[in-house]
Amino acid sequence: MIEISRKRIVIDGSPRVLLGGEVHYFRLAREDWADRLDKLVAAGCDTAASYIPWLCHEKPDGSFDLDGRTRPELDLGAFIDMCAERGLYFLARPGPFLMAELKNEGLPFRLYTENPEIHPVTWDGARVTSRTVDYLAPAYLAEARKWYAAVMPVLASRLVTNGGPIIGVQLDNEVGMLSWVTNSPDLTDHLLDDLARWLGQRYDADALAARYPFDLTDAAARAEGIRSPREDYAPALMADLGTYMRDRFARYFATLREYAEAEGVTGVPFFVNIHGTGHGRAWDYPIGISQLMDSYSGLPGMLAGSDHYLGDLTTRNAADLYLINAFGDAVQDSDQPLTSLEFEAGDGDYGRDLTHLHDPSTIDLKTRLCVAQGNRLINYYLFAGGINPRLDMPVGDGNDRISFTGERHGVGAPVGPEGQLGLTYPRTAEVVHAVRAVAAKLATMDEEHDDLAMGFIPDYFMTESVYPQGKAMREIVDNLSRYRFGGPGQLMARALLLAGYRHGAVDLQNAPIGSEAVPVLVLAAARYLDGRVQESLAAYLSGGGKLLLVGEVPSYDMEGRECTVLRDALGLVPQGFRQGDHAYFLSVCARGWAAPRPEVAVSYAQLFDAERGDVVVYEYDSGHGCGFDIPVGNGRAVVLTTSYPGSDIGFYRSAVERLGCTPALRHDAERASLLITSTANDAGERFIHALNLEGYDAVFGLTENGRPLFGGHQVSLPGRRGLMLPVDLAFGGARLAYATSEIASLQGDSVRFTPRQGSLVAAFESDRKLAVDGPAEVWTEAGLQLVRARSGEVGDGVTVTWT
């Protein structure tokens, strides 16, 4: 039995953290399956996952081979059964779309030739350049239903509810991604007819006529007006089209779920895979959340999973991963946990040209951060490479294989195409074993937060469709893109994370906020913001809320109409907007509580005079303010409308502290490259999670609310390493008050540590006597039995037993 409750995945009554790897059975000879699965188990994983490609399983005569009758490696059931034999759960990913570097994204070639109407046209009536389809086209859905009718019975009989290993089924993959990345929204005649119906339900006749100066019931006028929009209504179309696509995608997922359930797939969660990272950053990832949130948010039986490729985790992009987890959680209900369906694994040399190789620490640090933020399932993609077979029927495209990557696939994975262990396998196994050692505790824990939350505005990321011939849409999108993901250049989000703030996020557009639930709100704001959200923020401040706003103070709503509700509430009077360039060295100065600080160069400044409150940052040339501390009703706002350097972590910490929120966890390391957070469960058991994002070793003390942690003993953390440090863990017969090293294993009456550097100091509360299996000092202090062991003296580790 599998349950989703309180952001936990509960299997047979036990909360779980599932760690798995993607192994493509269809890219392996059947005799190699056992070897790859054994290597997955040896790495510590408890779950296998695989795409199930329609492209491969459908034969030229229209039949489906799911039992290996034409090729042994197509025996899907046998592969899943082999997973079960090894104690592995299985996550099924049957599409229809897969991506997975497959041609047609995993769809059969004949779909496009037999049903040309499913391949969309887009802006100006041009044919889309990708192999996407109109998801709700009747011909496509009829074909998808046939595929599900063939594949789902194989899965249904092997669900965990039927005694099998399958704990979830992913529906399709990265829905909406192809249209977004090519800026080519699906605008088929079928879709436009449906859009017109949807608009008619959303607006009354007068409002609709005011928004669109053409007859939406006239197919020709509708096609011209939507595919080639004029500037006067383009912003309205961008808003309507984005909102409509959310609804359309949700209907598509609901249809696929209906097809799956009709074939007996029930009682396990259905997953939605969210796309959006690129070039080592996640600035655009929330576009995927915006597109697909209506497909899963608050829907029983539906879960979302992230899909991220960020490369090395450093101070440059750690806030990216932190934010996408927080934003993802913000749109989910109180039961839905975070998961990751494609968690980048391997060396990152995707082009096999040696232009980039990930550091082995990459998978380690990202796993630790995601587990700390509440990810209950992680699927390492791709865990094992393979060989791309030829298509059953040649198509004359140069290689006639199922994939465009050539013969070998996943060559940089932890396990290579021929089964060889890659350079990243040892570190992958290391972090998986580290998490598995304490997974029973972690599975019951949630991240602890300071008294602040980051504001998330889904419509800020509803920017996937921009008419290329127009300026109105582009102007709005460019401004939103500059600020929406953690402030200009992400300066604010990065500074707060490295300042020690642990925070979640709150959806500002779909739920009211109050100062009791969110004492301090942090918002990266742009020039545009929906009027209702502006009103909500003004009410929040008036009611006693505290706001740190970084970016621009909004002057318009999301369709470019003047809207100054928030600006008026703040009492700010515009005095212009300035940008620095190669000839104008825009500079700002600090005053008041922000001083003394040196004058700094900035890229822009939105200037105001304040009707009340204090100016804390001002532009050197004009003297007008671009940083303010303003009382608003019973609340208060610190407003920063310039790109103040994120390297000045103290400035951003001071801004939030002025609003009444101090980070509870503080370290005294000299460098600001430590990321510290914590998790806890209802019983008060905790872990302090520490990541060293640089190559420099760190030795530091930790305090919580000013009081020393770990008995005042220092923690040693080598460069590019992480630690999960236990606090108040309860075992049979003992309580581990704290330890300055990570737990390597737990048994009924013993715990093993593996100190990597410096000394282990572990404190136990027990009425039993401690025994240590190596050179260590044991003493009693303040009712605790303490153990000290130096890393260089204990070999592979030290085991503490209470007898």
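Here, every reference points to the structure presented above.
Keep in mind that what you see is a predicted model, and the values were worked out from it rather than measured.

## A short note on the overall build of the protein chain
Counting its regular elements, the protein chain contains 20 helices and 41 strands. Over its C-alpha trace the protein chain gives a radius of gyration of 28 Å, about what one expects of a compact globule, namely 28 Å for 803 residues. In terms of its C-alpha atoms, the protein chain occupies a principal-axis envelope of roughly 85 × 75 × 45 Å. Relative to its full complement of 803 residues, the protein chain shows a buried share of 63%. The long-range share in the protein chain, meaning contacts at least 24 apart out of those at least 6 apart in sequence, stands at 73%. About 28300 Å² of surface is accessible on the protein chain, with carbon and sulfur atoms providing 49% of the total.

## A closer look at unusual backbone geometry
Keep in mind that most residues, glycine aside, have a negative phi and that most peptide bonds are trans. Of note, the bond from Tyr 381 into Leu 382 is cis; its omega dihedral lies within 30 degrees of zero at -5 degrees. Of note, Leu 382 is situated in strand S11 (residues 375–384). Cis geometry marks the peptide bond from Ala 595 to Pro 596, where omega comes out at -5 degrees. Unusually for a residue other than glycine, Lys 7 sits at a positive phi of about 60 degrees. As for its position among the elements, Lys 7 is in the loop between strand S1 (2–5) and strand S2 (8–11). The phi torsion at Leu 354 lies on the positive side, around 60 degrees, for a residue other than glycine. Relative accessible area serves as the criterion here: at 68%, Leu 354 is assigned to the exposed category.

## Observations concerning the sheet that holds strand S36 (residues 750–753)
Pairing within the open sheet is antiparallel, and its 4 strands lie in the order S35-S36-S41-S38. Sheet topology places strand S35 (743–747) and strand S38 (770–772) at the edges, where each strand pairs with a single neighbour. Averaged over all pairs of adjacent strands, the angle between strand axes in this sheet comes to 20 degrees, irrespective of strand direction. Relative to strand S41 (residues 798–802), S36 is paired through 4 bridges, and the arrangement is antiparallel. Bridging from a neighbouring strand, Phe 753 pairs with Val 798 of S41.

## Points about the sheet that holds strand S27 (residues 674–680)
One open sheet accounts for 8 strands, arranged S14-S27-S28-S33-S34-S37-S40-S39; its pairing is antiparallel. Single-partner strands in this sheet number two, and they are strand S14 (446–447) and strand S39 (777–781). Bridging between strand S33 (residues 722–731) and strand S34 (residues 734–739) involves 4 bridges; their strand directions are antiparallel. Residue pairing in the sheet places Ala 730 in a bridge with Arg 735 of S34. Its contacts with the sheet place helix H13 (residues 361–372) against S14, S27, strand S28 (686–692) and S33, and it is angled at close to 145 degrees to S28.

## As for the pairing of strand S15 (residues 452–456)
Counting buried positions over the 5 residues of S15 gives 5, a clear majority of the element. By the bridge criterion, 3 bridges tie S15 to strand S17 (residues 520–525) in an arrangement that is parallel. Residue Met 454 lies in a different strand from S17, and its bridge partner there is Val 522. Here S15 runs beside strand S16 (residues 504–507); their pairing, made up of 4 bridges, is parallel. Bridging across to S16, Phe 456 finds its partner in Asp 507.

## What to know about the nonpolar core
Grouped together as the largest cluster of nonpolar side chains are 259 residues, with contacts concentrated most on Tyr 140, Tyr 296, Tyr 380, Leu 570 and Phe 753. The biggest single contributor to this core is helix H10 (residues 234–262), with 13 residues. Discounting chain neighbours no more than four positions away, the residues touching Tyr 296 are Val 272, Ile 274, Ile 289, Met 302, Ala 304, Val 331, Gln 332 and Gln 336. Listed in part, the 23 residues of the second largest apolar core include Ile 688, Ala 737, Val 761 and Trp 779.

## Some remarks on helix H7 (residues 189–202)
In an α-helix, one full turn covers 3.6 residues, which means residues spaced three or four apart are oriented alike. Taking 1.5 Å of rise per residue, the 14 residues of H7 would be expected to cover 20 Å, and the 20 Å separating its terminal C-alpha atoms lies within 8% of that figure. Along its buried surface, H7 packs onto helix H8 (205–211), helix H9 (219–227) and H10.

## As for the packing of aromatic side chains
A full pass over the atoms with the stated rule returns 36 aromatic pairs. Between the aromatic rings of Tyr 483 and Tyr 604, the centroid separation amounts to 5.5 Å while the plane-to-plane angle is 65 degrees, which identifies the pairing as edge-to-face. Separated by 121 residues along the polypeptide, Tyr 483 in helix H16 (residues 472–483) and Tyr 604 in strand S22 (residues 604–610) bring together distant segments of the chain. Its relative accessible area of 0% is what places Tyr 483 among the buried residues. In this structure Tyr 604 comes out as buried when scored by relative accessible area, which is 0%. Chaining the aromatic ring pairs together yields one cluster made of Phe 97, Tyr 135, Tyr 140, Phe 249, Tyr 252 and Phe 253. Sitting above the plane of the Phe 577 ring, Arg 527 keeps its charged end 5.4 Å from the centroid.

## Notes on the pattern of salt bridges
Under the criterion given, the structure shown has 64 salt bridges. Notably, a salt bridge pairs Asp 194 with Arg 251, separated by 2.7 Å at the nearest N-O pair. Of this pair, Asp 194 sits in helix H7 while Arg 251 sits in helix H10; the two residues are 57 residues apart in sequence, bridging distant segments of the chain. Asp 194 sits in the buried class, given a relative accessible area of 11%. Arg 251 sits in the partly exposed class, given a relative accessible area of 26%. Because the salt bridges share partners, they merge into one network encompassing Asp 134, Asp 194, Arg 197, Asp 247, Arg 248 and Arg 251.

## Quick word on the packing of helix H12 (residues 318–330) against helix H17 (residues 491–498)
It is the contact of H12 with H17, at a shortest axis distance of 9 Å, that shows an interaxial angle of 95 degrees. By the angle between their axes, H12 is roughly perpendicular relative to H17. Contacts from Ala 318, Ala 319, Tyr 322 and Leu 323 in H12 reach Ala 493, Arg 494 and Leu 497 in H17.

Cut-offs applied
Residues numbered from 1 in each chain as written. Predicted model: local features only at pLDDT ≥ 70, side-chain atom pairs only at ≥ 80, totals over all residues. Heavy atoms only, no water. Helix = DSSP H or I, 4+ residues; strand = E, 2+ residues; numbered from the N terminus. Rg over C-alpha atoms; globule rule 2.2 N^0.38 Å. Buried < 20%, exposed > 50% of the residue type's maximum accessible area, 1.4 Å probe, protein only. Contact = heavy atoms within 4.5 Å. Areas by Shrake-Rupley, 256 points an atom, 1.4 Å probe, with all protein chains shown as cover. Pairing = 2+ DSSP bridges. Axes fitted to C-alpha atoms, helices over the stretch in contact; angles between N-to-C directions. Core = buried A, V, L, I, M, F, W, Y, C linked by side-chain atoms within 4.5 Å. Expected span 1.5 Å × (residues − 1). Phe/Tyr/Trp six-rings, centres within 6.5 Å; stacked < 30°, edge-to-face > 60°. Lys NZ or Arg CZ within 6 Å of the ring centre and 35° of its normal. Salt bridge = Lys/Arg side-chain N within 4 Å of Asp/Glu carboxyl O. Parallel < 35°, antiparallel > 145°, perpendicular 65-115°, else oblique.

Everything listed here is a matter of coordinates, which is why it stays silent on function.
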